[in-house]
Amino acid sequence: MYDGLKRIRTVSALRRQVGAWRAAGERVALVPTMGALHVGHIALVRAARRRADRVVASVFVNPAQFGPNEDFSRYPRTLPADMVKLAAARTDAVFTPDVAEMYPDGFCTTVSLGGPAEGLESAFRPTHFAGVATVVAKLFTQCRPDLAFFGEKDYQQLQVVSRMARDLDLGVKVVGVPTVREPDGLALSSRNIYLSPEERQLAPLIYRALTAAAERIAAGGDAGAAADEARNLLESQGFSVDYVAARHALTLAPVASVADGPIRLLTAARLGRTRLIDNVPVPAG
Ligand code: PAF
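Residues numbered from 1 in each chain as written. Predicted model: local features only at pLDDT ≥ 70, side-chain atom pairs only at ≥ 80, totals over all residues. Heavy atoms only, no water.

Draft legend 1. Layout of the side chain of His248. Note that His248 resides in strand 7 (residues 240–248). Looking at His248, its side chain comes within polar contact range of the main-chain nitrogen of Leu250, at 3.1 Å. (Helix = DSSP H or I, 4+ residues; strand = E, 2+ residues; numbered from the N terminus. Polar contact = N/O pair within 3.5 Å; in protein donor to acceptor, adjacent residues only side chain to side chain.)

Draft legend 2. Highlighting the nonpolar core. Counting 41 residues, the largest nonpolar core has Val56, Val136, Phe140 and Phe150 as the members making the most contacts within it. Tallying contributions element by element places helix 6 (residues 128–143) first for this core, with nine residues. Excluding residues that lie within four positions of it along the chain, Val136 makes contacts with Phe150, Val161 and Met164. (Core = buried A, V, L, I, M, F, W, Y, C linked by side-chain atoms within 4.5 Å. Buried < 20%, exposed > 50% of the residue type's maximum accessible area, 1.4 Å probe, protein only. Contact = heavy atoms within 4.5 Å.)

Draft legend 3. Here's a closer look at the environment of Ala148. When you line up the elements, Ala148 lands in strand 5 (residues 147–151). Residue Ala148 is classed as buried on the basis of its relative accessible area of 0%. Taking the C-alpha atoms as reference points, Ala148 and Ala57, 91 residues apart in sequence, are found 9.7 Å from one another. Setting aside its immediate chain neighbours within four residues, Ala148 contacts Leu30, Phe140, Val172, Lys173, Val174 and Val175.

Draft legend 4. Region of interest: the packing of aromatic side chains. Scanning the model with the defined rule gives six aromatic pairs in all. Ring centres of Phe66 and Tyr75 lie 5.8 Å apart, and the angle between their planes is 75 degrees; this geometry places the pair in the edge-to-face category. Overall, the relative accessible area of 9% leaves Phe66 in the buried class. A cation over a ring is seen here: Arg74 above Tyr194, with NZ or CZ 4.1 Å from the ring centre. Here the basic side chain of Arg77 rests over the ring of Phe72, its NZ or CZ set 4.8 Å away from the ring centre. (Phe/Tyr/Trp six-rings, centres within 6.5 Å; stacked < 30°, edge-to-face > 60°. Lys NZ or Arg CZ within 6 Å of the ring centre and 35° of its normal.)

Draft legend 5. Geometry of the sheet that holds strand 9 (residues 274–281). Taken in spatial order, the three strands make up an open sheet running 7-8-9, and their pairing is antiparallel. At either margin of the open sheet sits one strand with a lone partner, and together these are strand 7 and strand 9. On average, each strand axis in the sheet is tilted by 10 degrees relative to the strand beside it, whichever way the strands run. Sheet topology note: the strand 7/strand 8 (residues 263–271) ladder contains eight bridges and is antiparallel. Bridged to Ala246 within strand 8 is Leu265. Along the sheet face, helix 9 (residues 205–218) touches strand 7, strand 8 and strand 9 and points at about 30 degrees away from the line of strand 9. Contacting strand 7 and strand 8, helix 10 (residues 223–236) crosses the sheet at an angle of about 160 degrees to strand 7. (Pairing = 2+ DSSP bridges. Axes fitted to C-alpha atoms, helices over the stretch in contact; angles between N-to-C directions.)

Draft legend 6. View of the packing of helix 9 against helix 10. Two elements in contact, helix 9 and helix 10, have axes whose closest approach is 9 Å; the angle formed by their N-to-C orientations is 160 degrees. Between helix 9 and helix 10, the angle falls in the class roughly antiparallel. Crossing geometry of helix 9 relative to helix 10 is assigned as right-handed. Contacts between helix 9 and helix 10 involve Leu205, Ile206, Ala209, Ala213, Arg216 and Ile217 from the first element and Ala223, Ala226, Glu229, Ala230, Leu233 and Leu234 from the second. Of the residues that constitute the contact of helix 9 with helix 10, the class distribution is ten nonpolar, no polar and two charged. (Parallel < 35°, antiparallel > 145°, perpendicular 65-115°, else oblique. Left-handed = near helix turned anticlockwise from the far one by under 90°. Nonpolar A, V, L, I, M, F, W, Y, C, P; charged D, E, K, R; others polar.)

Interpretation in functional terms is not warranted from these geometric data alone.
What follows is the structure in structure tokens.
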């Protein structure tokens, strides 16, 4: 049954609505977002629709996950357009709390992380995952969904949130959804709108460099050497590379070759003022 998109602004109204659905025996999925929705987000909603009776999307630009010099104030905010897209994808409710609803006066609790949160993004954005994990833990306990959907595009985030849900017994099954790409390979991201036309032309090289390195590793090559080659290629074309790293696909621990388990190759690189992240699986050998 689909009876239209409801906008919900408070935790108590969200609990009432989800409680009613669950009391009626319906399975509820949550799709957490920061808005500025694109086809990649809608793929999450569609995946959620296939696995649940009711889909809630949250739209909240979470100040706690932005560093002091990051793009919190200029992050795109497009709620009316987001709601049209969510309704077209048959989302049942959009939760749009304001900052005071999420972080009331005196708020001072954060989730402390280890394991997959260590290194990679954390080396460059040291407070980022504590901000993500705290807001996601809140969304999980506010909504109490059966399932929650996250994009593989933010692969480290997906592993951090999965680990947290298991470690803290949050009772939510975290589901990863493959990255949606432009025809030239660029991963969809709300931040792609920051790219100049010249940067946009160059950006797909990230995906090409990663897939070439992944193929070398799958063929038995040294993971560190393949990652270094991808870094050198990107830097030679004007990217400023934060990291290219081969990691265990689940724990994100460093690995040397396919003998160490399933590998994910991850990168973050800046083009002008825009920081892009991407990752690919290393095909099993
Ligand atoms: O991936 C995002 O958009 C955000 O990090 C999330 C999961 C919605 C938490 O604010």
